[in-house]
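# Understanding the architecture of this molecule
One-letter residues, chain by chain:
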Amino acid sequence: MAPSKDLRHFLDLLRKNGELLSVGEEVDPRFEVCEFLRQFDKGDGPALLFEKVKGHSIRIVGNLVGTRKRLALAFGLQSEERLLETYRRRRARKIEPRRVRSGPVKQVVIKEKRRVDLNALPIPVYHEADGGPYITCGIVTAKDPVSGLRSMGLHRLQIKEKRKMGIHLSNPPIARFAEEAERNGKPLDIAISLGVHPIILLASIVSSAREDKVAIASSLLGSPISLVKCETVDVEAPAHAEVVIEGKVLPNVRELEGPFGETSGYYFSDHSHVIEVTAITSRKNPIIQALHPTVREVSLLGGPAGEAEMIQMLRERGFAVQDLAISQSSNRTHVTLSLRKSHEADPRQLLHFLLSGVPYIKHAVVVDDDVNVHDPQDIEWAIATRVQGDEDLLIIPNLRARSIDPSKKGDFMTKVGLDATVPMPLRERFRRISVPSEVREKVAKMILRLKEKTGSGYKRSD
Ligand SMILES: Cc1cc2nc3c(=O)[nH]c(=O)nc-3n(C[C@H](O)[C@H](O)[C@H](O)COP(=O)(O)O)c2cc1C
C-alpha cells in the first residue's frame, strides 16, 4: 500500500480502518478539546475529529497517531511489526522534495495586513494556567541564513495578537537559524504548517541539525513532498498543508511567553522570540491538528524514530549497542541500552558519550544483551541484581540544562548514568536461570494450541 501524502488521505485511511471518531457535539477550544484528547488517550482510543468547534467553522483533529497501529498506518503499513525495519530502510533511501507552482494550500490567500487575523483559527487553550491559545502542532520551516539549508522543527507558538505570536526557540535547527539571522540584525523568514501528513510531523522532530528534514520526510513517506513558494517570505511550505502561516522571527526582540503546560507535565514560561505574521494561506474548509503535550502521541512520534536514529548514530561511532528503548513516560529523557561488552570500560564510555552528546537524555542505563530493554520489569531486575551504587553510578554535573526541565539549576543540569552490566570475569555467576530453549519453544507451541482450542480461555479446565 502506498503511503498517503496529506492529512486528508491519512484521515480517510483512519476512517477505513475504524480508527477515527467524529465528535458531532459542539466542543469549546478552551480546555474542552484538550480534555477530550486526554480522556481518549487510553488503550486503543481512536483519533478524534471535532466537527463543531465553538465559535469557528474550521475543524480540529487530534490523537492522530496515538497508537502504534496508527503510527504504522502513517507509514502505509497494516501491522506494527515492521515499523522499525521500514523506518530504517526508507530513511537510508534519499528522496528529495520537489517544487510545484501551486497546491491546495493556496486555495485561500490572505496577505493584506488588515485581513490577516490569527484569531480566525480555532487554536486551543490547553491547560488552566496557560497564558493563552497555543499552536502545539505548528511545523516551522525555515532556511539557514548562511548555508541556505532548509529544515523543519516543531515549536510551541502562543497567539498574542492578530498578527503576532510568541515562539519558543531552544532547539536546533530553527533556533540556530534564528540566531544566525539575528547576528546580522535580520529577521528569519518562516512558514508554519498546521495540518499535514503525520510523517511530516514526525520528520520535523527527528534529531538532525544538518539535513533537510523535508527530504527526511520525503524519504520516510517513500515519495517526494511537493513544496510551494510562500507569498510573503523566502521559504517553501508543503503544498498539501491545510494551513500555512507565513511570518518573520524578529531580531533582538524577546517577550514573555507562557506559561504553557509543557510535555514535562509542568507549566513553563520564558522570554521568547516574537513572530510578525505576514500572510495566512489555506485550503477551503481546512482541518487543523491539535497535539496535546502529554499524550502518547508525543512519545510515539519521537519514540520509534528517535530510537532508530540513536542506535544508528551510536553504531556509527563504534558502540556495540544491541538495542535501546526511550521510555515513553519520561518525556524522552530516559533511555536504556543493551550492549555486548568486550571491554570493562565500554558501558562508561557509552554513557559519557550519550549523556554529554545528546541534550535531551538526562538518565541512561546500560544493560547486557541478555536483558530486554523494552520490558521495564527486566530493566528493573537488572538494576536490582547487577548494580553496586559505589561503582556503577556515573554523575556528570554542570551540563547545559534542557529548558523545560523544572528541576534544572539555572542554566545547568546534572546527568546520571547507571552501568547495570555484569563484570566480565563474573559472567557465570550472573547466568540467568532458564530451561533449555527447545523446551521453551515446545511449550510455547503447546500453549498456542491450547489457546486455539479454548478461544482465549486458559482458565477453562474442561
Ligand atoms: C511535542 C514537541 C514539542 C516541541 N516544542 C518545542 C519548542 O517549543 N521549542 C523548541 O525549541 N523545540 C521544541 N521541540 C523540539 C524540536 O521541535 C525538535 O526536537 C528539534 O527540531 C529536533 O532536533 P533536536 O532533537 O536536535 O533538538 C518540541 C518537540 C516535541 C516532540
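Below is a summary of the structure that appears in this document. (Residues numbered from 1 in each chain as written. Predicted model: local features only at pLDDT ≥ 70, side-chain atom pairs only at ≥ 80, totals over all residues. Heavy atoms only, no water.)

## Topic: a nonpolar patch on the surface
- A grouping of Val 435, Val 439, Val 443, Met 446 and Ile 447 is seen on the molecular surface, where their side chains present a nonpolar patch of about 360 Å² in accessible area.
- For Val 439, the position within the fold is in helix H12 (residues 437-454).
- Accessibility expressed as a relative area gives 36% for Val 439, which makes it partly exposed. (Patch = residues over 30% accessible without salt bridge, like charges linked within 9 Å, V, L, I, M, F, W, Y side chains within 5 Å. Areas by Shrake-Rupley, 256 points an atom, 1.4 Å probe, with all protein chains shown as cover. Salt bridge = Lys/Arg side-chain N within 4 Å of Asp/Glu carboxyl O. Helix = DSSP H or I, 4+ residues; strand = E, 2+ residues; numbered from the N terminus. Buried < 20%, exposed > 50% of the residue type's maximum accessible area, 1.4 Å probe, protein only.)

## Points about the pattern of salt bridges
- Tallied over the entire structure, the rule returns 40 salt bridges.
- Notably, a salt bridge pairs Glu 51 with Arg 59, separated by 3.8 Å at the nearest N-O pair.
- For Glu 51, a relative accessible area of 32% corresponds to the partly exposed category.
- With a shortest N-O distance of 3.0 Å, Glu 255 and Lys 164 are connected by a salt bridge. With Glu 255 in strand E15 (residues 255-261) and Lys 164 in strand E10 (residues 164-167), the pair connects residues that are 91 residues apart, well separated along the chain.
- Judged by its relative accessible area of 26%, Glu 255 falls in the partly exposed class.
- Shared partners join several salt bridges into a network, and the residues in it are Arg 99, Lys 143, Arg 150, Asp 212, Asp 234 and Glu 236.

## Topic: helix H1 (residues 7-16)
- Looking at H1, one finds that the buried residues are Leu 7, Phe 10, Leu 11, Leu 13 and Leu 14. Viewed end-on, H1 has its buried residues packed into an arc of 160°, placing them on one side of the element.
- As for H1, its buried residues are in contact with strand E1 (20-23), strand E2 (47-50), strand E3 (59-62), helix H3 (68-74), helix H6 (198-204) and strand E17 (287-290).
- Following H1 by one or two positions, Gly 18 has its phi on the positive side, about 65°. (Arc of directions from axis to C-beta. Contact = heavy atoms within 4.5 Å.)

## Notes on the sheet that holds strand E22 (residues 412-420)
- Taken together, the five strands give an open sheet; going across it, the order is E18-E19-E20-E22-E21, and neighbouring strands pair in mixed fashion. Two strands in the sheet have a free side with no partner beyond their single neighbour: strand E18 (321-326) and strand E21 (393-400). Mean inter-strand twist for the sheet, computed between neighbouring axes without regard to direction, equals 20°.
- Here E21 runs beside E22; their pairing, made up of six bridges, is antiparallel. Each bridged residue has a counterpart across the sheet, and for Leu 399 the counterpart in E22 is Met 413.
- In the packing of helix H9 (residues 346-357) onto the sheet, the strands contacted are E18, strand E19 (334-339), strand E20 (363-368), E21 and E22, and the crossing angle to E21 comes to about 20°. (Pairing = 2+ DSSP bridges. Axes fitted to C-alpha atoms, helices over the stretch in contact; angles between N-to-C directions.)

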